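# Observations on chain architecture
The chain contents come next:
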Amino acid sequence: MNHLHPYWRMAYIQANKSGPKWADPFAEIPNQADEKEVHLIYRGKTCYIVMNAFPYNAGHLLVTPYRAVPALADLSAEERAELVDLVVLGEKILSDALKPDGFNVGFNFGAAAGAGIPQHLHCHIVPRWEGDSNFMPVISDTRTLVESMDSMWERLKKFTPAHGTFAG
C-alpha cells in the first residue's frame, strides 16, 4: 500500500479557526513583510495575487482586492479592472512557469456557494493538465500536489514582473 503524506494539511485541521487571522486572512496577507511566508506572488495597486494555502491543484492562485468586499458590484471600477488584469497576469505566470493545458477560473460568492471567506471576494485560477484528475479527491477526500508550496512560490516568482509594473 502506498501512503500519501500531506503534512501541510495538519496545520489547517488543528488550527483554531477563530480570531482575526481566520476572520479575514486576505486582509492580513499583504501586511506581511515576508512574501514567501504567505506565498504572496504579486502586489498591484488595488489587488494582489497569492497562492491558495489549500490548493485544488499545484500552482492554484487567488486574486483578491486589498479591500474586503463580498461582491463584484461593491468594487470600484479601478478595483474591478485591476482584478481582471491580475487574473490575466496570473494565467500568464502559470502558463510560463508550469505550461498547463488549461485553467479553471472563477468565484464562489456566499458561504452557500462554497466561499470560505464570503466577506472578502477572491478569484480562483487553477491550472489544469490533461489527465490531472484522478480518484483521490472523490474517494478519499485527498488532493495530491507534486511540489511544496515554498518550492512552487519560488518557481512562480521567477515568471512574475516586479510589483506594480504589470499594465494588463
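Anything mentioned here points back to the structure above.
Just so we're clear, the structure is a prediction, and the values are computed from it rather than from any experiment. (Residues numbered from 1 in each chain as written. Predicted model: local features only at pLDDT ≥ 70, side-chain atom pairs only at ≥ 80, totals over all residues. Heavy atoms only, no water.)

This brings us to the pattern of salt bridges. Applying the stated criterion to the full structure yields 6 salt bridges. Linking R43 and E35 is a salt bridge whose minimum nitrogen-to-oxygen distance equals 2.8 Å. Residue K36 pairs with E154 through a salt bridge whose shortest N-O separation is 2.2 Å. Here E154 lies in helix α7 (residues 149-157) and K36 lies in helix α4 (residues 35-38), a separation of 118 residues in the sequence. (Salt bridge = Lys/Arg side-chain N within 4 Å of Asp/Glu carboxyl O. Helix = DSSP H or I, 4+ residues; strand = E, 2+ residues; numbered from the N terminus.)

Okay, the side chain of H120 next. Mapped onto the secondary structure, H120 falls in the loop between β4 (102-106) and β5 (123-128). If we ignore the near neighbours within four places in the chain, the residues touching H120 are D24, F26, A27, T64, P65, Y66, R67, A68 and V69. (Contact = heavy atoms within 4.5 Å.)

Now for the packing of aromatic side chains. Each pair of aromatic rings is reported with the distance of its centres and the angle of its planes. Counted by the stated rule, this structure contains 2 aromatic pairs. With 5.1 Å between their ring centres and 10 degrees between their planes, F107 and F109 make a pair best called stacked. Taking the relative accessible area as the measure of exposure, F109 reaches 39% and is therefore partly exposed. (Phe/Tyr/Trp six-rings, centres within 6.5 Å; stacked < 30°, edge-to-face > 60°. Buried < 20%, exposed > 50% of the residue type's maximum accessible area, 1.4 Å probe, protein only.)

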